[in-house]
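Take a look at the letters that make up each chain.
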Amino acid sequence: MGLADITSISPGIKHAEVLLTHSHWDHIGGAADFASVSVFDSPFEVERLKKGWRLEEMVGFSKEFFSAPFPADFFPEVFDIPGVNEFTTFKDQENIDLGNITVQVIHIPGHTPGSACFFIPELGYLFTGDTLYAGPEYLHLPESDWKQYFLSLLKIKELTVNKLKMIFPGHNGFTASQELLDRHILAGYGFIQPASIEQGIDDFGSNTKKYYGDFSLMIPR
Ligand SMILES: [Zn+2]
């Protein structure tokens with residue numbers, strides 16, 4: 001999020017290879033501090049990464065949401081996210097060679113047009129960004145497409161089947177199991193067929209929020 005310079009935690013980390021799942025403010029905040037940054041080749045992600053974010057554009061930013069104290073030199077009233085000038089892009093199902101490990105890019109439009117997750121087949125690890133986590137999934141944003149989102153879940157399933165061992169989500173917990181993916185897929189099916197596992201429904205501004213136990217889906221009404 002860029003609340004503090006995370007590269008200060010270790011001298012070598014500045015030269016880490018930073019792969020972005022998408023260009024929302026809470027995922028690119030520290031990107032400008034790194035030497036090597038890449039994002040999916042899609043106009044939304046590329047433009048937002050170049051531009052950064054001003055405070056008034058950051059949907060969901062509220063200082064009341066923070067559970068830990070702010071760093072001493074952070075002032076939420078004047079917070080903004082710097083853009084990144086130099087970065088590279090990757091494409092769907094590209095294999096990124098990181099020396100001792102290969103990371104497979106899976107393009108999963110839905111939350112944003114150029115959202116990507118990263119799969120390490122050798123380990124069965126999947127990094128999902130904002131596409132899969134416990135908690136509310138933001139599918140109601142102007143840049144979101146909830147129908148694409150459900151297709152993307154099926155794509156993840158297809159490309160990781162029998163290999164997926166652990167999910168590393170973008171929010172609300174460090175790990176999640178494959179079962180979370182399966183229940184999201186079932187929830188998506190409920191939007192086509194009568195919902196079978198839905199547990200509640202709320203008005204959420206001009207959107208709808210449906211509950212499924214430890215996660216919910218926010219979609220336009
Ligand atoms: Zn996001």
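See the structure printed just above.
Residues numbered from 1 in each chain as written. Predicted model: local features only at pLDDT ≥ 70, side-chain atom pairs only at ≥ 80, totals over all residues.

Asker: Go over the sheet that holds strand S2 (residues 36–40), please, and point to the residues and values.
Answerer: Here we have three strands laid out as an open sheet, ordered S1-S2-S3, and parallel in their pairing. The open sheet terminates on both sides in strands that have one partner only, identified here as strand S1 (17–19) and strand S3 (88–90). Pairs of neighbouring strands in the sheet enclose a mean axial angle of 30°, with direction left out of account. Bridging between S2 and S3 involves three bridges; their strand directions are parallel. In the sheet register, Val 39 faces S3, and the bridge partner there is Thr 89. (Pairing = 2+ DSSP bridges. Helix = DSSP H or I, 4+ residues; strand = E, 2+ residues; numbered from the N terminus. Axes fitted to C-alpha atoms, helices over the stretch in contact; angles between N-to-C directions.)

Asker: So what's going on with the sheet that holds strand S6 (residues 116–120)? Which residues, and what values?
Answerer: The five strands are arranged S4-S5-S6-S7-S9 in an open sheet whose pairing can be described as mixed. Among the strands making up the open sheet, the edge pair consists of strand S4 (95–97) and strand S9 (166–169). Taken over all neighbouring pairs, the strand axes of this sheet differ in orientation by 25° on average, direction set aside. Examined bridge by bridge, strand S7 (residues 125–129) and S9 share four bridges and lie parallel to one another. Following the sheet pairing, Tyr 125 is matched in S9 by Met 166.

Asker: Any details on the nonpolar core? Residues and values, ideally.
Answerer: If you look at the biggest cluster of nonpolar residues, it comprises 35 residues, and the most contacted ones within it are Ile 28, Ile 106, Ala 116, Cys 117 and Ile 156. When residues of this core are traced back to their parent elements, those giving at least two are helix H1 (25–28), S2, strand S5 (102–107), S6, S7, helix H3 (146–160) and helix H4 (178–192). It is H3 that contributes the most residues to this core, five residues altogether. (Core = buried A, V, L, I, M, F, W, Y, C linked by C-beta atoms within 7 Å. Buried ≥ 20, exposed ≤ 12 C-beta atoms within 10 Å, placed from the backbone.)

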